[in-house]
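Spelled out from the first residue to the last, the chains are:
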Amino acid sequence: SQTIHQWPATLVQPVGSPLSLECTVEGTSNPNLYWYRQAAGRGLQLLFYSVGIGQISSEVPQNLSASRPQDRQFILSSKKLLLSDSGFYLCAWSIHGGYGYTFGSGTRLTVV
Amino acid sequence: KQEVTQIPAALSVPEGENLVLNCSFTDSAIYNLQWFRQDPGKGLTSLLLIQSSQREQTSGRLNASLDKSSGRSTLYIAASQPGDSATYLCAVVTGANSKLTFGKGITLSVRP
């Protein structure tokens with residue numbers, strides 16, 4: 001069966017520090033991968049999506065970047081965190097054919 | 001641009017009530033619609049997935065319907081229980097890259 005792993009679960013980082021969040025998927029090949037952010041009191045916002053290795057599309061201009069070095073690995077990064085980067089980050093995957101999305105357990109990022 | 005609306009933002013009901021959660025979307029050219037549940041501080045759990053060609057899906061006490069032409073979906077919860085308390089999110093898939101657009105969710109509280 002397919003599983004999605006996301007870590008760490010919580011993270012407290014100072015302003016200006018770097019960030020790396022990792023997401024891996026097991027049990028499927030060539031998935032579409034997504035990073036979403038859920039800020040307090042706001043809906044889920046799509047940040048990045050990837051349809052293949054090295055293929056990254058950005059939805060919102062921001063202080064973050066994403067990379068997909070392997071088929072089932074998706075990484076969210078920042079060189080210098082801002083206070084406004086605080087939020088709940090969710091990784092998700094889907095496959096072609098409309099079989100729905102599966103989400104990871106999320107990372108709670110607090111920038112102080 | 002697809003927009004998804006869920007009203008009301010919050011709902012409180014006594015245990016045992018049957019209830020309906022509403023979702024509307026502006027662009028009827030969807031591939032599918034998915035209902036999720038989110039517990040506080042947790043990731044998203046998929047409840048039901050309805051393909052664009054389907055009218056409804058059922059799982060246990062949950063039934064979701066889809067009227068694509070009018071841009072509406074409803075999630076019916078029978079005999080509600082305190083354990084059903086959570087935020088319920090509606091999301092639709094549109095576009096060539098199968099992007100998922102979310103509503104802001106309905107926070108449900110079921111009182112014992």
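This text goes with the structure placed above it.
The rules behind the values
- Residues numbered from 1 in each chain as written.
- Chains lettered and ligands numbered in written order.
- Predicted model: local features only at pLDDT ≥ 70, side-chain atom pairs only at ≥ 80, totals over all residues.
- Heavy atoms only, no water.
- Helix = DSSP H or I, 4+ residues; strand = E, 2+ residues; numbered from the N terminus.
- Rg over C-alpha atoms; globule rule 2.2 N^0.38 Å.
- Phe/Tyr/Trp six-rings, centres within 6.5 Å; stacked < 30°, edge-to-face > 60°.
- Buried < 20%, exposed > 50% of the residue type's maximum accessible area, 1.4 Å probe, protein only.
- Pairing = 2+ DSSP bridges.
- Contact = heavy atoms within 4.5 Å.
- Salt bridge = Lys/Arg side-chain N within 4 Å of Asp/Glu carboxyl O.

**Some points on the overall build of chain A**
At step 1: Along chain A, the regular secondary structure elements total 0 helices and 11 strands.
At step 2: Put simply, chain A runs from its N terminus to its C terminus through helices and strands in the order β-β-β-β-β-β-β-β-β-β-β.
At step 3: Rg of the C-alpha trace for chain A: 13 Å, near the compact-globule value of 13 Å for 112 residues, within the 12% margin.
At step 4: The dimensions of chain A, computed from C-alpha atoms along their principal axes, are 40 × 25 × 20 Å.

**Points about the packing of aromatic side chains**
At step 1: A full pass over the atoms with the stated rule returns 10 aromatic pairs over all chains.
At step 2: For the ring pair tyrosine 34 of chain A and tyrosine 36 of chain A, a centre distance of 6.5 Å and an interplane angle of 40° mean the geometry is tilted. Judged on exposure class, the residue tyrosine 34 of chain A and its partner tyrosine 36 of chain A are both buried.
At step 3: Among the aromatic side chains, those forming a connected cluster through ring pairs are Tyr34, Tyr36, Tyr49, Tyr101 and Phe103 of chain A together with Phe36 and Phe102 of chain B.

**Remarks on the pairing of strand β4 (residues 32-38) of chain A**
All names here are of chain A.
At step 1: Among the 7 residues of β4, 7 are classified as buried, and the element is accordingly described as predominantly covered.
At step 2: Of the two faces of β4, the one holding Asn32, Tyr34, Tyr36 and Gln38 and the one holding Leu33, Trp35 and Arg37 are both buried throughout.
At step 3: Two strands pair when backbone bridges link them, and β4 and strand β9 (residues 87-94) are joined in this way by 7 bridges, in the antiparallel orientation. Paired with tyrosine 36 across the bridge in β9 is leucine 90.
At step 4: Pairing analysis gives 6 bridges linking β4 to strand β5 (residues 44-52), with the strands arranged antiparallel. Within β5, the position partnered with tryptophan 35 by the bridge is phenylalanine 48.
At step 5: Joining the antiparallel neighbours β4 and β5 is a turn of 5 residues, in which glycine 41 adopts a positive phi near 75°.

**So, the sheet that holds strand β3 (residues 19-25) of chain B**
Hydrogen bonds along the backbone pair up the strands of a sheet, which may run parallel or antiparallel.
Residues and elements named next belong to chain B.
At step 1: Reading across from one edge, β1-β3-β8-β7-β6 is the order of the 5 strands in this open sheet, with antiparallel pairing throughout. Of all the strands in the sheet, just β1 (4-5) and β6 (56-59) have a single pairing partner and so form its edges.
At step 2: In this structure, β6 lies alongside strand β7 (residues 62-67), joined through 4 bridges in antiparallel fashion. Pairing of glutamate 56 across the sheet is with serine 65, part of β7.

**Things to note about the interface of chain B and chain A**
At step 1: In this complex, chain B contributes 19 residues to the contact, which on the side of chain A involves 19 residues.
At step 2: Taken together, chain B and chain A are joined by 1 salt bridge.
At step 3: Across the salt bridge formed by lysine 99 of chain B and glutamate 59 of chain A, the nearest N and O atoms sit 3.3 Å from each other.
At step 4: Only β4 (32-38), β5 (44-51), β9 (86-94) and β10 (99-102) of chain B provide two or more residues apiece to the side of chain B that touches chain A.

Spatial relationships are all this shows, so hold off on functional conclusions.
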